[in-house]
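One-letter residues, chain by chain:
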Amino acid sequence: MQVELFSDQYKVRILTGKEIEEIYALLSKNTLYYEHCPPFVSRQSILEDMERLPPGKERKDKYYIGFYQAGRLIAVMDLIDGYPEAEIAYIGFFMTERSLQGNGIGTEHFWLKNGFVPFRETTSQTADEVILAERVLSSCLSLNRNKYGG
């Protein structure tokens with residue numbers, strides 16, 4: 001997967017443990033998110049999340065992606081290719097830099113404005129409500145799903 005093609009506005013690349021301080025700095029500023037979806041982020045939880053895979057998936061299917069603007073990390077996305085079905089890319093997590101939220105980049109309405117359609121509501125152990133949404137992208141990647149808190 002060529003993650004650098006995900007955006008023509010931002011530099012996009014795969015993140016590793018080497019960027020842990022950058023990632024932690026971005027995520028830890030989003031205190032409101034962690035009030036609704038505890039526990040609060042830690043460096044260890046980030047490293048664990050970078051390795052966490054759903055059943056039946058391999059490390060090669062997981063992409064922990066960073067979006068950069070002027071050399072600064074402004075967003076983090078966790079994507080699983082081919083989950084839960086071969087033609088689906090699952091976005092399990094997407095968070096933007098706190099200072100950029102409210103500008104159409106980091107709001108929950110971002111998903112709706114970008115063509116995602118809710119198809120099911122559920123609950124999780126960490127959030128009262130989870131809304132699953134999907135968007136048809138193309139014939140080669142026919143379905144993209146995202147979960148985001150409601």
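What counts and what doesn't
Residues numbered from 1 in each chain as written. Predicted model: local features only at pLDDT ≥ 70, side-chain atom pairs only at ≥ 80, totals over all residues. Heavy atoms only, no water. Helix = DSSP H or I, 4+ residues; strand = E, 2+ residues; numbered from the N terminus. Buried < 20%, exposed > 50% of the residue type's maximum accessible area, 1.4 Å probe, protein only. Contact = heavy atoms within 4.5 Å. Areas by Shrake-Rupley, 256 points an atom, 1.4 Å probe, with all protein chains shown as cover. Phe/Tyr/Trp six-rings, centres within 6.5 Å; stacked < 30°, edge-to-face > 60°. Core = buried A, V, L, I, M, F, W, Y, C linked by side-chain atoms within 4.5 Å. Pairing = 2+ DSSP bridges.

Caption draft 1: Spotlight on the overall build of the protein. Looking only at helices and strands, the protein features four helices and seven strands. The order of helices and strands in the protein, counted from the N terminus, is β-α-α-α-β-β-β-α-β-β-β. Burial status across the protein gives 41% buried among its 150 residues. Of the contacts formed within the protein by residues at least 6 apart in sequence, a portion of 44% connects residues at least 24 apart. In the form shown here, the protein has an accessible surface area of approximately 8800 Å², with 51% of it arising from carbon and sulfur atoms.

Caption draft 2: Quick peek at the environment of Y10. Its place among the elements puts Y10 in the segment before β1 (11-14). Judged by relative accessible area, Y10 falls into the buried class, the value being 15%. Along the chain, Y10 and Y68 lie 58 residues apart, while their C-alpha atoms are 5.6 Å from each other.

Caption draft 3: Up close: the packing of aromatic side chains. The final tally for this structure, using the stated rule, is five aromatic pairs. Plain terms: the ring middles of Y33 and Y34 are 4.9 Å apart, the flat faces sit at 90° to each other, and that makes the pair edge-to-face. Looking at Y33, the relative accessible area reads 35%, which means it is partly exposed. Arranged with centres 5.7 Å apart and planes meeting at 90°, the rings of Y83 and Y90 form a pair that is edge-to-face. For Y83, a relative accessible area of 23% translates into the label partly exposed. Cluster of aromatic residues (ring-pair linked, three or more members): Y33, Y34, F40 and F93.

Caption draft 4: How the structure looks around the nonpolar core. Counting 16 residues, the largest nonpolar core has L15, I23, L27, I46, Y64, L73 and V76 as its most contacted members. Elements that contribute at least two residues to this core include exactly α1 (20-28), α3 (43-51), β2 (62-69), β3 (72-81) and β4 (88-96). Counting residues per element, this core draws most heavily on α1, which supplies five residues. Once you skip the residues sitting within four places of it in the chain, Y64 turns out to touch R13, I14, L15, I23, L27, I46, D49, M50, V76, M77 and D78. Grouped together as the second largest cluster of nonpolar side chains are 13 residues, V3, F67, A75 and A89 included.

Caption draft 5: View of the pairing of β3. A large share of β3 lies buried, amounting to eight of its ten residues. From the end of β2 to the start of β3, which pair antiparallel, there are two residues, and A70 there has a positive phi angle of about 55°. Where β3 meets β4, seven bridges bridge the pair, whose relative direction is antiparallel. Its bridge partner lying in β4, A75 is registered against T96. Hairpin remark: β3 followed by β4, antiparallel, with six residues in the connecting loop; positive phi at G82, about 75°.

Any functional reading would require information that these geometric values do not contain.
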